[in-house]
Every structure is written in structure tokens, then in C-alpha cells.
Amino acid sequence: MNPAFLDSMDATGLSQALHAGQLSCRDLMQATLARIAERNPVHKAIVSLREPEALLAEADAHDALLARGQSKGWLHGIPQAIKDLSATAGIPTTQGSPLLAHVVPREDELMVARIKAAGGIVIGKTNTPEFGLGSHTFNPVFGTTVNAWNPARSAGGSSGGAAVALALRMLAVADGSDFMGSLRNPAGWNHVFGMRPSQGRVPQVPAADAWLAQLGTAGPMARTVRDLARLLDTQAGHDPRAPLSLDDGARFAEALGQAARPVRIAWLGDLDGYLPMDDGVLGCCEEALRRLESLGCAVEPAALGTPPEPVWDAWLVWRRVLVGARIAPLLALSRARERIKPEALWEYEQGQGTGAAQFMAASSRRTAFHQHLLGLFERYDVLALPSAQVWPFDAALRWPATVAGRAMDTYHRWMEVVIYASFAGLPAISVPAGFGAAGLPMGLQLIGRPRDDAGVLRLAAAYEAAAADLLRTAPPA
């Protein structure tokens, strides 16, 4: 089937067409597979794709349910590919590592089960860096996922496969996860929306640790804000196995029906020169902010108001402890050290030298930073920052060694701009900001008050309406 209709329809539109009988699940699956066959060989966004015969049989079963007047939910019959960090029953979950290349889980993790319960058909996985480490999606199992707008450039990460699949209309909506900007950076670099929800909004089940590992979270990516909200509705919700998961009953698609009021936005920019930025990044984001000003929002250049270097130092302690704990069990596997990416080993070794007193000091600093941001939110409704400090770089690089002439002292320092929402557990959406001189995309982070996921979604929807011409721009086929 000609997949051209995928170019103009979001997941909500597809859902409406399927439920109205204007489109069959089989036709949608055939079109999706045709689009993947056309575009995925170059971009390597979708991995571990299931056999077409099995997927078409599953689509037929979903059609049969609709013929009987039965629907599983809004995702009924819509193909989904899950980020290759999340466990999927019967489909390899490699985490981009040769150590795990043959791991096939027996059960879905909770978020995947919720997507299936809403009717989604899981067709495979989306590519990720090894163990999700680094904002550049490459690994020795599946190779490098390249940018939707220029295949010589990075797609970002670690949800790079999801972002590229969305931008190239191989998926209508996608899941991802975000520890250090992994939903926001690739969304910005591929001209789609990516949302890091409030910490605890999307429970991680199963999890080896349900108490301490509170920096990463799953969340949605989409080409429209209504799809972003609907997928978050599917992913979110308390589960007793995740004792810190939120239990406030929030419904996000419904919240979009409420008019967005003009808000006060603090434009933090480059933190008064602290964050090095490529030329044009700030200007692109400021143009996006002018669209919000046209809606009546008040945008004011503002200072972070606390020294950022101690925040970075505390962040490093938290990250190496949490990442090191994930890497440690793998080192018992055969030839593990020679088969693990050097950056992962660096995280583990840094974590080995971190004591309880140092970790508790970093936790106190994190607490103080959260309290400080609460003070900022007494004056502003939303904080704004670029979604990356650089434009998409050469896909052959591991990471940028310098930014604006400054040397980067770690493999992830070039993404320092995204740590603030993560460290404070705040909801943040990357909206497409525009394009640079080389025709590559950039995103703008809109960071909301604690647990105000609905508020940032409403603001993003208002921005979407104001930037309609920009958002109609599609990557070259």
C-alpha cells in the first residue's frame, strides 16, 4: 500500500480513521512496513523488526475486533516500536550492547504492557546508544542512527531511533526515556516534540531499585502535542510496585481542552555565558520565544541565580553512582571489559571511588538546587533553555571534544544544558525551535513547575498553533 498518507496523519488522526472504518489495521501495517523498507536502511532508526507475516496477522486480529465493535483503546492497530532499553516479550532487548545482543525477555515491562493494552502493535525496537549512555545514537550491534534532516549528522540520543522514526513518518508516535536529555535532545535535532515528564509520572516496573534511581524516566515523543499528551496518558499512572510513582490521577489529553493562559517565561539562555553554545543556537531559540510573546506570554532574560558549577559536580556524583550500579553486574560476563564502551567503564570506575559521605553531600546539593528553583517559580511559570548546546554534529564522531572553543572534560558535558530539569525532577518539553544556517533543527526546552505536566503541555500546544508554518516543514524524503 502507498504509504504517502502517513506523511499527513498523526497518531490521533490514524486512530480516528481506524475506528471510523476509513482505514484498516492491515492497510496501516502494510504502509508502515513499506515506509520502513524505504527509509530505514539509511537512517537505522528501527531495529529488531518482527517478521511481516506475524505483524500482518496481528493487524488482522485487530481488524476483526473492530468489526465486532470492540476496541482496545486509542492506539488500537497503530504500529509501535519500543526504545531498545525497555523489556519487550519475545523481542530482543539489547540495550545496544554486544553483551546483551541475544537477550529476549519473557515479559513486557509495565510501560510496554500499557501500550499494548491500549491497542498498540509492537513491531520492533528503536535504536539507542549502548546502555543509553550519551546523546549520540550509535552502538556495535545495530550501527549509527543518523539525523532525519541530514544522514551525515547525529540524530542525538539516547532516544535517537525514536526521534528519527517519527520525523521520517515510520512511526506516528513513540516512547523514549530521559536521564540526561534523551527525550529532549533528539526531539530538538529532528524537529519533533519530546517530553520528559515529572519524576514519578511514568513508573519503571520492574526495577532493581525503586527508591534511589530517580533521575531517569520514560516519556512520550510525537509530531503533535495532542499525541504527546495521549501517549503520556497511556504511560502514566501509579503502580504499587513503584512506591514513588505519582498517584494524582492527572489526565493530560483532557487538560489540552483548557485554554492556555499567557505565562511568565524566564529565558535562561546560556546561563550568562557559563554554557558554551554554537553560533546561532541562542538566536534560533529566541525566535521561538518570540512566537510565545505573540500569544501574550511575557519572556524575560533571567539568571539561574545559583552557581551552576556545583550543580554539575553534584550531578556527576549522582550519575556515576546510578550508572555504575547498572554496569557492575555486566562486568561478570565473559570478556565484558573489552566489549563495553569506554564511556560506560568510565562511569563505573568513577562510581567505585564514590563514598557514602560524598553521595549524601551531592544529595544535599540536589535538594538545595530544587529549593532554589522553587524560588524562581515564584516569579516565573516556565523556565526556557535550548535543548542542546550544539547543532547536530558529524555522525562519525563519538561526541564533541570542544564547543565554541571550550574543551569538554567528559563525554556528556556538551549536554549540560539539559541537567536542570532532570536533577529537579521537573516536567520539560522540547518544542521545535527552528533551523540553523546549515538547515539543521534545534529545540527549545520549556520547563514547568513541579508536577505541572499539564501546564507545559498546554503551553506547547499554544506554541504549536503559533508555529504551524514551521512545524509543517518535513525532512527531505
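**Focus: the layout of surface pockets**
For step 1, the next point in the chain: Put simply, the largest pocket is a space of about 1400 Å³.
For step 2, the next point in the chain: Sorting the residues of the lining of the largest pocket by element identifies β6 (173-178), β8 (217-222) and α10 (308-327) as the ones contributing at least two each.
For step 3, the next point in the chain: Broken down by element, the lining of the largest pocket gets its largest block of residues, 6 residues, from α10.
For step 4, the next point in the chain: Of the residues that constitute the lining of the largest pocket, the class distribution is 25 nonpolar, 15 polar and 10 charged.

**Notes on the environment of Pro 151**
For step 1, the next point in the chain: Following the sequence through the fold, Pro 151 ends up in the loop between β5 (143-144) and α5 (160-167).
For step 2, the next point in the chain: On the accessibility criterion, Pro 151 (44% relative accessible area) is partly exposed.
For step 3, the next point in the chain: Between the C-alpha atom of Pro 151 and that of Met 9, which follows or precedes it by 142 residues, the distance is 24 Å.

**Considering helix α1 (residues 11-19)**
For step 1, the next point in the chain: In terms of residue burial, α1 counts as a mostly covered element, since 7 of its 9 residues are buried.
For step 2, the next point in the chain: Looking at the residues trailing α1, positive phi occurs at Gly 21, about 80 degrees.

**Overview of the pattern of salt bridges**
For step 1, the next point in the chain: Tallied over the full model, the rule gives 26 salt bridges.
For step 2, the next point in the chain: Note that Asp 453 is salt-bridged to Arg 201, the shortest N-O span being 2.9 Å. Of this pair, Asp 453 sits in helix α15 (residues 453-466) while Arg 201 sits in the loop between β7 (193-196) and β8, placing them 252 residues apart in sequence.
For step 3, the next point in the chain: Asp 409 is paired through a salt bridge with Arg 413; the nearest N and O atoms lie 3.1 Å apart.
For step 4, the next point in the chain: Its relative accessible area of 55% is what places Asp 409 among the exposed residues.

**A word on the packing of aromatic side chains**
For step 1, the next point in the chain: Taken as a whole, this structure holds 9 aromatic pairs when the rule is applied.
For step 2, the next point in the chain: Geometrically, the ring pair formed by Trp 189 and Phe 393 is edge-to-face, given 5.7 Å between the ring centres and 85 degrees between the ring planes. In this pair, Trp 189 sits in helix α6 (residues 184-190) while Phe 393 sits in the loop between β11 (382-386) and β12 (402-403), placing the two residues 204 residues apart along the sequence. Across the pair, Phe 393 and Trp 189 agree in class, each one buried.
For step 3, the next point in the chain: Taking 5.9 Å as the distance between ring centres and 55 degrees as the angle between the ring planes, the aromatic pair formed by Phe 369 and Tyr 420 counts as tilted. Pair noted here: Phe 369 is in helix α13 (residues 356-376) and Tyr 420 is in helix α14 (residues 419-424), with a separation of 51 residues, a long-range link.
For step 4, the next point in the chain: Classification of Tyr 420 by relative accessible area gives buried; the value is 4%.
For step 5, the next point in the chain: An aromatic cluster of at least three residues, connected via ring pairs, comprises Phe 179, Trp 315 and Phe 423.
For step 6, the next point in the chain: Lying over the aromatic face of Phe 138, Lys 341 brings its terminal NZ or CZ to 5.1 Å of the ring centre.
For step 7, the next point in the chain: The ring of Trp 318 has Arg 366 sitting right over it, with the charged end atom 4.5 Å from the ring centre.

**What to know about unusual backbone geometry**
For step 1, the next point in the chain: The omega angle of the peptide bond from Gly 157 to Ser 158 is 10 degrees, so this bond is cis rather than trans.
For step 2, the next point in the chain: For Ser 158, the position within the fold is in the loop between β5 and α5.
For step 3, the next point in the chain: Residue Val 205 is joined to Pro 206 through a cis peptide bond whose omega torsion reads 0 degrees.
For step 4, the next point in the chain: Summarising the element assignment, Pro 206 is placed in the loop between β7 and β8.
For step 5, the next point in the chain: At Lys 44, a residue that is not glycine, the phi angle is positive and equals roughly 50 degrees.
For step 6, the next point in the chain: Relative to the helices and strands, Lys 44 resides in the loop between α2 (25-43) and β1 (46-47).

**Description of the sheet that holds β1**
For step 1, the next point in the chain: Read from one edge to the other, the open sheet built from 3 strands follows the order β1-β3-β2, with strand pairing classed as mixed. For this open sheet the edge positions go to β1 and β2 (79-83), each flanked by a neighbour on one side alone.
For step 2, the next point in the chain: Across 2 bridges, β1 lies against strand β3 (residues 121-126) in antiparallel orientation. When the sheet's bridge partners are listed, Ile 46 is paired in β3 with Thr 126.
For step 3, the next point in the chain: Most of the contacts of α2 go to β3, to which it runs at about 15 degrees, and overall it touches β1, β2 and β3.

**Looking at the packing of α2 against helix α3 (residues 52-67)**
For step 1, the next point in the chain: Interaxial distance between α2 and α3 falls to 7 Å at its minimum, and their mutual angle equals 150 degrees. By the angle between their directions, the pair α2 and α3 is classed as roughly antiparallel. Judged by the sense of rotation from one axis to the other, the crossing of α2 with α3 is right-handed. Residues Cys 25, Arg 26, Met 29, Gln 30 and Leu 33 of α2 form the contact with α3, whose participating residues are Pro 52, Leu 55, Leu 56, Ala 59, Asp 60, His 62, Asp 63 and Leu 66.
For step 2, the next point in the chain: When its residues are assigned to classes, the contact of α2 with α3 shows 8 nonpolar, 2 polar and 3 charged.

**Some words on the packing of α1 against helix α7 (residues 225-235)**
For step 1, the next point in the chain: As a packed pair, α1 and α7 sit with axes 8 Å apart at the nearest point and diverge in direction by 75 degrees. Compared by their axis directions, α1 and α7 come out roughly perpendicular. Between α1 and α7, the contacting residues are Ala 11, Thr 12, Gly 13 and Gln 16 on the first element and Arg 226, Asp 227 and Arg 230 on the second.

**A short note on the pairing of β8**
For step 1, the next point in the chain: Of all the 6 residues making up β8, 6 are buried; the element is thus mostly covered by neighbouring parts of the structure.
For step 2, the next point in the chain: In this structure, β6 lies alongside β8, joined through 6 bridges in antiparallel fashion. The residue bridging Asp 175 from the neighbouring strand is Pro 220, located in β8.
For step 3, the next point in the chain: Sheet analysis places β7 next to β8, joined by 2 bridges and oriented antiparallel. Its bridge partner lying in β8, Gly 194 is registered against Met 221.

**Things to note about the sheet that holds strand β10 (residues 298-301)**
For step 1, the next point in the chain: Taking strand neighbours across the sheet as the criterion, the 8 strands line up as β6-β8-β7-β14-β15-β11-β9-β10 in an open arrangement whose pairing is mixed. Among the strands making up the open sheet, the edge pair consists of β6 and β10. For this sheet, the mean inter-axis angle between neighbouring strands, taken without regard to orientation, is 30 degrees.

**Section: the nonpolar core**
For step 1, the next point in the chain: Grouped together as the largest cluster of nonpolar side chains are 152 residues, with contacts concentrated most on Ile 340, Tyr 420 and Leu 444.
For step 2, the next point in the chain: In terms of residues, this core owes the most to one element, α10, which gives 10 residues.

Conventions adopted
Residues numbered from 1 in each chain as written. Predicted model: local features only at pLDDT ≥ 70, side-chain atom pairs only at ≥ 80, totals over all residues. Heavy atoms only, no water. 1 Å grid on protein atoms, 1.4 Å probe; cavity = no way out; pocket = protein on both sides within 12 Å on 5 of 7 lines; lining within 4 Å. Points joined across faces, edges and corners; volume = space filled by probe spheres on them. Helix = DSSP H or I, 4+ residues; strand = E, 2+ residues; numbered from the N terminus. Nonpolar A, V, L, I, M, F, W, Y, C, P; charged D, E, K, R; others polar. Buried < 20%, exposed > 50% of the residue type's maximum accessible area, 1.4 Å probe, protein only. Salt bridge = Lys/Arg side-chain N within 4 Å of Asp/Glu carboxyl O. Phe/Tyr/Trp six-rings, centres within 6.5 Å; stacked < 30°, edge-to-face > 60°. Lys NZ or Arg CZ within 6 Å of the ring centre and 35° of its normal. Pairing = 2+ DSSP bridges. Contact = heavy atoms within 4.5 Å. Axes fitted to C-alpha atoms, helices over the stretch in contact; angles between N-to-C directions. Parallel < 35°, antiparallel > 145°, perpendicular 65-115°, else oblique. Left-handed = near helix turned anticlockwise from the far one by under 90°. Core = buried A, V, L, I, M, F, W, Y, C linked by side-chain atoms within 4.5 Å.

Any link to function would need more than the numbers given here.
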